[in-house]
Amino acid sequence: MQKSINSAVFRKMVLAGAKLLENNRAKVDALNVFPVPDGDTGTNMSLTMQSAVKELSAAATDFSSVCDLISKGALRGARGNSGVILSQIFRGICSVLANCKSEADTRTFAKALEAGTKVAYNAVSIPKEGTILTVVRMMSEFAVKSAGKFKDFESFLPAIIAEGDRALAMTPELLPVLKKAGVVDSGGVGLMTIMRGFLAAITNDDIVTEIQTEAANANGQGEDEFGDNSDIIGMELGEIQYAYCTEFFVINLKKSTTLADIDRLRENLMGIGDSVICIGDLELIKVHVHTNCPGVALTYALELGELDRPKIENMLEQNRALKAKIEAEKKDQGMLAICAGEGIAEIFKDLFVDRVIEGGQTMNPSASDIATAVQKINAENVFVFPNNKNIILATEQAKALVENRTIHVIPTKNIPQGFAAALSFNPEASAEENKTNMIHALDNVRAGQVTRAVRTTNVNGFNIKEGDIIGLDDKKILAKSENIEDTVLKLLDKLKDDSHEMITLYYGSEVKAEDAQTLTEKVREAFPDCEADCLSGGQPVYYYLLSLE
């Protein structure tokens, strides 16, 4: 068991964290929702880590030397806000570990993480919650409180990571732009990726294999694990207050320069722009600012020392390029489906539906939810499938909340109708033609649902007891019994007519695949003139959704 870490292990942790972040930087980049990003979060954080790794190539064995190399390397290579904040997290961590003579236990590591949090918060002129800062703060607070409960890093790091993941999940509630986009903070994801690299270094001797495996697993989880950045399509890019992203180092500081001068430089920069970061010491200062007066920022810095590696980016041009890209990629028609159940959602995606949002009988999305989802589809015309009669009105109301899009509500009352509508979509046809074909397609399918009665009542000619298995169409209860199979067969008998040739059973989250397969065989026996199949819908509430075509 790894009860403590030495400088060699810490070095290994940093290398593993950097490698895992590099393997996943594109995934982190994809989460950046801001209209004019300072580069890409994953790339900036990765390059910051790679600079620290490069410094570590120098010979160093004791904690003090290793930490000095990591701290200076991260600062020198820091890029963008996310990279600079990350460099300060490591600066704080290293300030504590550098004082270790040979070993650092869980308590010491917790203090190091706490120091990293303090330094990172102090580096930002106006700290914003819902970002990487929130994630590192909650992890450090947890680490300090619980370090005494953990005697080894194999159990301590997973607990810290679990708390970090919890913090990450909270970021959309703290930062409105993230909630609007339906994603978590990209910088926080980058930090958690590094933490998982730390854990890989502790638990597995074959770090490269571990990193590659984790990266492959992460890539295989799909783009919706953390969300996506498609909300940028629907954001009003508007005018940019400060046009130039300005970054540089101040080196060879004048002998007369003091720490108070660095603080004064920070205050001066805040007077001419925002997103100000001014960090360092009397050997090296790193500056980042968004301003309309980059020359003034450089002049302020020249009062303290020499300028090194200045970089000035025109964010107005980035904004124009982004608008042009979005407009160029805009298509004529897109589709949005509302449903519940992973299997159902995957089927809609297979039918080329652009987006799927969660909703159904017990979880009706608001008009605002629907409008936000429509805005994320880069299309002039968007067909929306409510797939529930209780959601149709909200979908109609969403029309008034959407700009630069035309919403076409296809009044699907159930999932099978939604599938039929999506299947009838022809990208070569006009929007009006598709709308007509989709509405006609609804007449070619009949649907039923099987669920459990939640109360005792007398309705539609049935004496229903709580717990009975009931079968219904979109209007009324048509069948009931004490078990699922009987209800399905009775309901199909009520729904089926001579025109139907295909019966599909979409089984819910509470139904086992083998039970669905057994029931499908019974359906084939009961209705030999029809083909029958079952698919995993994964929907809650309903044991089965039935489709007859």
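Nothing here was measured: the structure is a model prediction, and the numbers come from that model. (Residues numbered from 1 in each chain as written. Predicted model: local features only at pLDDT ≥ 70, side-chain atom pairs only at ≥ 80, totals over all residues. Heavy atoms only, no water.)

**Q** Now, about the overall build of the protein chain: what can you tell me, with residues and values included?
**A** A count of helical and extended segments in the protein chain gives 21 helices and 16 strands. Scored against the burial criterion, the 549 residues of the protein chain give a buried share of 53%. Within the protein chain, counting contacts between residues at least 6 apart in sequence, those at least 24 apart form 71% of the total. A total accessible area of about 24800 Å² is found for the protein chain, and carbon and sulfur atoms account for 49% of it. (Helix = DSSP H or I, 4+ residues; strand = E, 2+ residues; numbered from the N terminus. Buried < 20%, exposed > 50% of the residue type's maximum accessible area, 1.4 Å probe, protein only. Contact = heavy atoms within 4.5 Å. Areas by Shrake-Rupley, 256 points an atom, 1.4 Å probe, with all protein chains shown as cover.)

**Q** So, the environment of Val 353: which residues are in play, and what are the values?
**A** Within the secondary structure, Val 353 sits in the loop between helix H15 (342–350) and strand E6 (355–358). Accessibility expressed as a relative area gives 5% for Val 353, which makes it buried. Linking Val 353 and Leu 336, residues 17 residues apart in sequence, is a C-alpha distance of 6.0 Å. With near-sequence residues (within four places) excluded, Val 353 lies in contact with Met 335, Leu 336, Ala 337, Phe 348, Phe 385 and Ala 422.

**Q** Provide a residue-level description of helix H19 (residues 431–441), including the pertinent values.
**A** Every α-helix carries 3.6 residues per turn, so stepping three or four residues along brings you back to the same face. Along H19, the residues classified as buried are Ala 431, Asn 434, Met 438 and Ala 441. The arc enclosing the buried residues of H19, seen along the axis, measures out at 90°, which places them on a common side. The inward-facing, buried residues of H19 contact strand E5 (331–339), strand E7 (379–385), strand E8 (406–409) and helix H18 (415–423). (Arc of directions from axis to C-beta.)

**Q** Explain the pairing of E7 residue by residue, including any values.
**A** Counted residue by residue, E7 has six buried out of seven residues, so it is predominantly covered. Pairing analysis gives six bridges linking E5 to E7, with the strands arranged parallel. Within E7, the residue paired with Gln 333 across the bridge is Asn 381. The pairing of E7 with E8 spans four bridges and is parallel. Residue pairing for E8: Asn 381 is matched across the bridge by Thr 406. For the crossover from E7 across helix H17 (residues 392–398) to E8, the handedness is right-handed. (Pairing = 2+ DSSP bridges. Right-handed = clockwise from strand over helix to strand, strands pointing away.)

**Q** Outline the nonpolar core, supporting the account with residue identities and numerical values.
**A** If you look at the biggest cluster of nonpolar residues, it comprises 72 residues, and the most contacted ones within it are Phe 10, Met 13 and Leu 157. Counting residues per element, this core draws most heavily on helix H10 (residues 186–203), which supplies nine residues. Each residue touching Met 13, except ones within four places of it in the same chain, is listed here: Ile 5, Phe 109, Leu 157, Gly 197, Phe 198, Ala 201 and Ile 202. (Core = buried A, V, L, I, M, F, W, Y, C linked by side-chain atoms within 4.5 Å.)

**Q** For the sheet that holds strand E13 (residues 477–481), give the residues involved together with the corresponding values.
**A** Spatially, the six strands line up as an open sheet ordered E13-E12-E9-E16-E14-E15, and their pairing is mixed. The open sheet has two free edges, formed respectively by E13 and strand E15 (531–536), since each of these has just one partner strand. If you compare each strand with its neighbour and ignore which way they point, the axes differ by 20° on average. Two strands pair when backbone bridges link them, and strand E9 (residues 446–452) and strand E16 (residues 544–548) are joined in this way by five bridges, in the antiparallel orientation. Within the sheet, the bridge partner assigned to Ala 447 lies in E16 and is Ser 547. Packing against the sheet, H15 makes contact with strand E14 (502–507), E15 and E16, and its axis sits at approximately 110° to E15. (Axes fitted to C-alpha atoms, helices over the stretch in contact; angles between N-to-C directions.)

**Q** Requested: an account of unusual backbone geometry, with residues and values cited.
**A** Even without a glycine there, the phi angle at Arg 309 is positive, about 50°. Judged by relative accessible area, Arg 309 falls into the partly exposed class, the value being 47%. Backbone geometry at Asn 404 places phi at a positive 60°, although glycine is not the residue there. Within the secondary structure, Asn 404 is located in the loop between H17 and E8. Under the relative-accessibility criterion, Asn 404 is labelled exposed at 56%.

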